[in-house]
Protein chains: 4
Amino acid sequence: MALPTQESPKTHHLSNITSQTRVHHEYVPETLSQARTEHSFPDDLHPVNSNGLEKTSSHLRNTRTKLGLHPGASISEDHDIAERQDFLWSRIRLVLREPFAEFWGVFIMVLFGDGSVAQVLLSAGQASAPGGDGFGPYQSISWGWGLGVMLGIYVAGDSGAYLNPAITFSNCLYRQLPWRRFPMYLLAQFLGGFCASGVVYANYINAINKYEGHGIRTVPPSRTATAGIFCTYPQPFLTKPSQFFSEFIASAVLMFVIFALKDSSNNGVPKSDKWFPLALFFLIFGLGACFGWETGYAINLARDFGPRLMSYIVGYGHEVWSAGGYYFWIPMVAPFCGCVFGGFLYDVFIYTGPSPANSPWMGLKQLVRPDFAWQVRKERAKKAREAGMV
Amino acid sequence: MALPTQESPKTHHLSNITSQTRVHHEYVPETLSQARTEHSFPDDLHPVNSNGLEKTSSHLRNTRTKLGLHPGASISEDHDIAERQDFLWSRIRLVLREPFAEFWGVFIMVLFGDGSVAQVLLSAGQASAPGGDGFGPYQSISWGWGLGVMLGIYVAGDSGAYLNPAITFSNCLYRQLPWRRFPMYLLAQFLGGFCASGVVYANYINAINKYEGHGIRTVPPSRTATAGIFCTYPQPFLTKPSQFFSEFIASAVLMFVIFALKDSSNNGVPKSDKWFPLALFFLIFGLGACFGWETGYAINLARDFGPRLMSYIVGYGHEVWSAGGYYFWIPMVAPFCGCVFGGFLYDVFIYTGPSPANSPWMGLKQLVRPDFAWQVRKERAKKAREAGMV
Amino acid sequence: MALPTQESPKTHHLSNITSQTRVHHEYVPETLSQARTEHSFPDDLHPVNSNGLEKTSSHLRNTRTKLGLHPGASISEDHDIAERQDFLWSRIRLVLREPFAEFWGVFIMVLFGDGSVAQVLLSAGQASAPGGDGFGPYQSISWGWGLGVMLGIYVAGDSGAYLNPAITFSNCLYRQLPWRRFPMYLLAQFLGGFCASGVVYANYINAINKYEGHGIRTVPPSRTATAGIFCTYPQPFLTKPSQFFSEFIASAVLMFVIFALKDSSNNGVPKSDKWFPLALFFLIFGLGACFGWETGYAINLARDFGPRLMSYIVGYGHEVWSAGGYYFWIPMVAPFCGCVFGGFLYDVFIYTGPSPANSPWMGLKQLVRPDFAWQVRKERAKKAREAGMV
Amino acid sequence: MALPTQESPKTHHLSNITSQTRVHHEYVPETLSQARTEHSFPDDLHPVNSNGLEKTSSHLRNTRTKLGLHPGASISEDHDIAERQDFLWSRIRLVLREPFAEFWGVFIMVLFGDGSVAQVLLSAGQASAPGGDGFGPYQSISWGWGLGVMLGIYVAGDSGAYLNPAITFSNCLYRQLPWRRFPMYLLAQFLGGFCASGVVYANYINAINKYEGHGIRTVPPSRTATAGIFCTYPQPFLTKPSQFFSEFIASAVLMFVIFALKDSSNNGVPKSDKWFPLALFFLIFGLGACFGWETGYAINLARDFGPRLMSYIVGYGHEVWSAGGYYFWIPMVAPFCGCVFGGFLYDVFIYTGPSPANSPWMGLKQLVRPDFAWQVRKERAKKAREAGMV
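Remember, predicted model here, so these are calculated numbers, not experimental data.

### As for the overall build of chain A
- Check the secondary structure of chain A and you find 18 helices and zero strands.
- Taking all 390 residues of chain A together, 60% fall into the buried category.
- The long-range share in chain A, meaning contacts at least 24 apart out of those at least 6 apart in sequence, stands at 73%.

### Section: the nonpolar core
- Counting 440 residues, the largest nonpolar core has A:Val257, B:Val257, C:Val257 and D:Val257 as its most contacted members.
- Every residue in contact with B:Val257, bar those within four places of it in the chain, is listed here: B:Leu283, C:Ile108, C:Leu151 and C:Val155.

### Regarding the UniProt feature "transmembrane region" (unreviewed entry) in chain A
All names here are of chain A.
- What UniProt calls "transmembrane region" (unreviewed entry) maps, in this numbering, to residues 100-122, 142-163, 184-204, 244-263, 275-299 and 326-346.
- Structurally, residues 184-204 comprises 100% helix and 0% strand, and the distance from its first C-alpha atom to its last is 31 Å.
- As annotated, residues 326-346 comprises 86% helix and 0% strand, and the C-alpha atoms at either end are separated by 32 Å.

### Quick word on helix 12 (residues 240-262) of chain C
- With 23 residues, helix 12 of chain C should cover 33 Å at 1.5 Å per step; its first-to-last C-alpha distance of 33 Å lies within 8% of that length.
- Summarising burial for helix 12 of chain C: 20 of the 23 residues are buried, a large majority.

### Examining the environment of A:Ser128
All names here are of chain A.
- The topology assignment puts Ser128 in the loop between helix 8 (97-122) and helix 9 (139-155).
- The class for Ser128 is partly exposed, based on 15 C-beta atoms found within 10 Å.
- A sequence separation of 30 residues divides Ser128 from Asp158, and the C-alpha atoms of the two residues are 44 Å apart.

### Quick notes on unusual backbone geometry
- In this chain, A:Pro220 is followed by A:Pro221 through a cis amide linkage whose omega measures 15°.
- As for its position among the elements, A:Pro221 is in the loop between helix 11 (182-212) and helix 12 (240-262).
- One non-glycine residue, D:Gln176, lies in the positive phi region at around 55°.
- One can find D:Gln176 in the loop between helix 10 (165-174) and helix 11 (182-212).

### A closer look at helix 15 (residues 319-326) of chain C
All names here are of chain C.
- All buried positions along helix 15 are accounted for by Val320, Ala323 and Gly324. All buried residues of helix 15 fall inside an arc of 45° around its axis, so they share one side. Residues of helix 15 that are exposed and point more than 90 degrees away from the buried face comprise Ser322 and Tyr326.
- Close packing links the buried residues of helix 15 with helix 14 (301-316).

### Section: the packing of helix 10 of chain D against helix 16 (residues 330-349) of chain D
All names here are of chain D.
- In the contact formed by helix 10 and helix 16, the axes pass within 9 Å of each other and the chain directions differ by 40°. One finds that helix 10 runs oblique with respect to helix 16. Here helix 10 runs over helix 16; the crossing is right-handed. For the pair helix 10 and helix 16, contact is made by Ala166, Ile167, Phe169, Ser170, Leu173 and Tyr174 and by Pro335, Phe336, Cys339, Val340, Gly343 and Asp347, respectively.
- When grouped by side-chain class, the residues that make up the contact of helix 10 with helix 16 number nine nonpolar, two polar and one charged.

### With respect to the packing of helix 12 (residues 240-262) of chain B against helix 9 (residues 139-155) of chain C
- The contact between helix 12 of chain B and helix 9 of chain C brings their axes to 9 Å, and the two run at 55°. The angle between helix 12 of chain B and helix 9 of chain C falls in the class oblique. Where helix 12 of chain B crosses over helix 9 of chain C, the two elements pack in a sense that is left-handed. Here B:Val257, B:Ala260 and B:Leu261 of helix 12 of chain B come into contact with helix 9 of chain C, specifically with C:Leu151, C:Tyr154 and C:Val155.
- Grouping the constituent residues of the contact of helix 12 of chain B with helix 9 of chain C by class yields six nonpolar, no polar and no charged.

### Considering the environment of D:Gly132
- Residue placement: D:Gly132 occurs in the loop between helix 8 (97-122) and helix 9 (139-155).
- Using a count of 17 C-beta atoms within 10 Å as the deciding quantity, one classes D:Gly132 as partly exposed.
- Considered as a pair, D:Gly132 and D:Ile249 are 117 residues apart in the sequence and their alpha carbons are 37 Å apart.
- Ignoring any residue separated from it by four or fewer positions in sequence, one finds D:Gly132 in contact with C:Ala124, C:Gly125 and D:Ala127.

### Details of the environment of B:Ile284
Residues and elements named next belong to chain B.
- Looking at the secondary structure, you find Ile284 in helix 13 (residues 276-291).
- Look at Ile284 and you get buried, because 25 C-beta atoms sit within 10 Å.
- Along the backbone, Ile284 and Pro99 are 185 residues apart, and their C-alpha atoms lie at a distance of 23 Å.

Calculation notes
- Residues numbered from 1 in each chain as written.
- Chains lettered and ligands numbered in written order.
- Predicted model: local features only at pLDDT ≥ 70, side-chain atom pairs only at ≥ 80, totals over all residues.
- Helix = DSSP H or I, 4+ residues; strand = E, 2+ residues; numbered from the N terminus.
- Buried ≥ 20, exposed ≤ 12 C-beta atoms within 10 Å, placed from the backbone.
- Contact = placed C-beta atoms within 7 Å.
- Core = buried A, V, L, I, M, F, W, Y, C linked by C-beta atoms within 7 Å.
- UniProt positions renumbered as here; feature names shortened; annotations may be inferred.
- Expected span 1.5 Å × (residues − 1).
- Arc of directions from axis to C-beta.
- Axes fitted to C-alpha atoms, helices over the stretch in contact; angles between N-to-C directions.
- Parallel < 35°, antiparallel > 145°, perpendicular 65-115°, else oblique.
- Left-handed = near helix turned anticlockwise from the far one by under 90°.
- Nonpolar A, V, L, I, M, F, W, Y, C, P; charged D, E, K, R; others polar.

Rendered as structure tokens:
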């Protein structure tokens, strides 16, 4: 099917410039639209014949492909990239476009999240505060994480703004995001959380010294513990299965609602992505109000493991790993299980588009019959290669 | 009147794809527009010649009709349903599309709502919390229910997102939603609340054991009662009429404002449905701030009776029914009365579209003269059959 | 200048139905646009050749004109009004369209506002609340009034949603809203506040009896005073000028920001009215955070005098008038002065459209030279008659 | 490249009036779009052949140019400016359009911000408040500043709504806003903060007298200090580098996120400016939750120095300067450093448009080789002159 846009790109450019640069996926015809629902949010930023692909030199395309990224970086077509490819750093930025976006998205998210915990925890009960009772109650933390995610999504638009390895994982599983994207995204997300918690520590080092005593760093259930600023520790009354269940169910809800918000075939309301960041604010705020107590709603490896490693490095000692009965692995593993389960529920009960849940044996055929799985994967890879999406 | 879209569907598809898949009801011509105002929000998702109707096989159409649902399920036209009707589960999902949507919408709403109550109540006063005073104040509950409704609406877009039997009821009464839709919607809504409260219980079972003592489960006015996590109990100083009045007036306000927000002939602001979920957040938050104390603003059978039954089953004893002078029936009955009254007020004072309030004797003629009522109903059923809407 | 819409109304209807029924003022050509800025928000809902005018029978038009309202009621053109003019009540509703809208808008606003005050005040410190400290802090009141205004604007779309006599007044003064609209609007707004506070009283009568003692009703500075639920009382340390100044400056800010939000020539952001209700939520919340202590930010005769009269009637005694040194007149007078001053500031420093501030002697010529004022008024009335706007 | 809009302006006016007056920058063709990204937000309000330019008489143009402003004021084309240039004040308003906008934007921001601090601080613990514990907690201040910025942006749309000299500075540095704009903007912003804090003082003078004692005015760490209402004072445990670091990092985050929100080439979500004010609410709220304790998140010379001077004038004494080890210079200097650093990070890692970071040696070439810098500046000035933007 020939598209008008391909026949007269110039005219199209003049009249539809908005649709191209901003909301171009609002006007995509049938075939592209199909591609969009299949490849979820990040990859729909790379339409098949996109300018990005043409702008990116073949050398850069190769490098990006090796890193597991889409060969063409998504660049606004107003911006003359070619001209700037002479500068070394511009080339680096072009190659690492999505990782940079994920890094800064998670950085902003963790900076606000951990920062708000730090302020609430360290200033608790301070009578000289305006209002006479510290600089923020527990709810301030819900605000911090909620708006941190919201602003992180705005910042990380170039990569699709996953901000969470478990969400990237679910998109690979259910929305045909190529698996080779996963490692670079994971690395960038982890580093974002790691660095941001370092900045929070640097900012609050005086206050921590005052709170715990100079040079003392402890982990819950110590009475003056400050390790909770950086990563999550469970309440002491929880059994191990309950720890896991709490993180699992919170992650499942996270994924379920995100899939609903991103499902353009759901007749629900947001449709345009414009409402997505605000809806995520409410979603994260809600998780903080419902799952914030027992295990601290980590629901994100990058948000928990990155800062945990940082707190270990700056001197909180081996207890960051051993506390809560070696709890640390739960916020690493449970989010993946939970997001996979939440995504499964959504696809089974509501989603009508292409998904393993809409394939033979509800996707399980691929699990139990490796030859069939191999065949499906090969077909998909072939299709992707034809479309130039690698 | 011949519509351009019917003459050249292909062209229309290319140029207006947005309007069809997303905001298709923005461009509906006069006759359909009329249908929309008459059939309220959920049914305007089923235009007369919709693809859903064609896509759904005649066997499935029959099954859906028997269940009281619209014969054609509303499916995004990008999605190739026919292909997937080979899978048993896909067929089930197609048949139960609206019930599934209502179920998950209420599930999300109650999960966040009851979950936030649980966290606030069980962690109250805990000094080791960041900020030193528990994990959330009373307002956290207003947030939980407000955003639970908001996110539930996003999730339940395929069914119109009533999330409340009393609101479904009012739409049948005032907005010509066929009465045969009511039972399935009610069942799905009830089950959503029932299951979600079970998940909340599972998540907080350790914490409840710690709060009440292992295996002890009590109901207000016990000092350590936790039954209030699941459903509402009135303040002890309320007389029975006051209990009823509080729920009644809150439900009336709920329905009044929702009718305003959904009334496309109101020159007020939201118009597009995009603002509806956010406005509902504020509305529910406001009800929690004004009517949250005396009776707990149940205003919803599915939100109150479902979790109440669950709490009875998990062992809170007979007091869940007898507490407050057998209060339990009030949040079952009052929301229906309140929503009917609120809808009546709106239609009498503001609404100019088709409504019983805009018919002879302000709709009462149908009540007191059964023959007239029968005649009106027959005419409406005939019209619906002609339009293929059953 | 002939408009395409006048040449081929049918075509226009098909293609632009959205613009007509919903956002029709987005596409208005130059002359109407001029009219819009001159006649502020409510009257731009009555375009010169609107269907409303044609639909309304000449008898009804006369009645409306006598009441000071625009001769044609603004009705969605989807709705067949003519058919329903047979019913008595439909005719009444048509005649009183704007007053009904203002009434219910203020009703919703005051219900949420006064209701939230009641809950916070009467439940203060209750240990059996979830969280252990009452059902909402002071901030809950800011939420209540903020979202009450927001939802009231949604409800009162048919009248322009002033909800405040002082704002209506400023619009008459600066935005050419005909002065004859003022009395009916004022009456409707007053009654809305009066009735809503009655409902709040009915809802909380048990709780007030428990708080004050049965049948006892007191006014601040009594220690158990509950009169503050209904209307505002000043802090005791305020001098009379400070009382006035606080209400004055809050009203000025209110009007200044509203004029900015409604000024389509301001290059600021909202432009479309869609953001207006949400921005008003923030504005009212902010006034509660900055001016809520000293005098309770009445800034509205309808919100203060209506409920004050109701509280007098239900038995709070003569002190509702005499408290605070006969403070009651300040929230009646200061909002008018403040809104006029705030509107003046905006027009003088920012507004570039038609306004007294953009006329000879900055509008004062009309004040000091009655003959000139008379001439201006006659010209305006003549123009309005020609346009059929009376 | 000839634009259709230039060929047939009349037709264009009829069909695209929305795009011109409201969201005209959504449809700008390539060259203008380029100009927009180069000249950041305020100057894209002055398209090259804008009506503003034609409307403004040459005398006024000269005056504006001398003040460092764009020669043509941005006026809605509906408004007949020429006619009103007869009035002296209308001419003044035309000349000082952007300074007036910045003044009132900062005024609104500081009024709400300082006002909320005053209410929280002075009413702390008051038992007669509804809820029994003062009129707002610390979080009320986050609300005040957040919504103050939001509403300030709405008010100051005509100037681009910088509201912060450090942000203006960064836009000059990275987004080619002409440096000559800077002084007038700075002056207007400073005066806005100065005057608003005076109004807050006038409003709360009785309450301050009651809180501190009549005529007594003290500065932290005095136990009854009220100077913190107006400007920021650091916590006593902070070292000087920590003071600087806290303001620095908060400013960097501010600029980083704003650049993301304003970057139309970022595939993130807001795109249209409509979401900008709301996102800024969340951003400022978040900064209050993370950086509000240690140094009070001044991050703005106009917000801190203006009110500080006012507090010095009204009698808080020399300590307003000397407190915290002559802390006062840090909120003057650190925001500039922080914003420059934050903007640098964004441009280096994410921005693909024209920026010093996308020029040889990452912009440092201009720093170390003055001759090169001179050449670049000359070229840019030449280009601006040709485009009539001076």
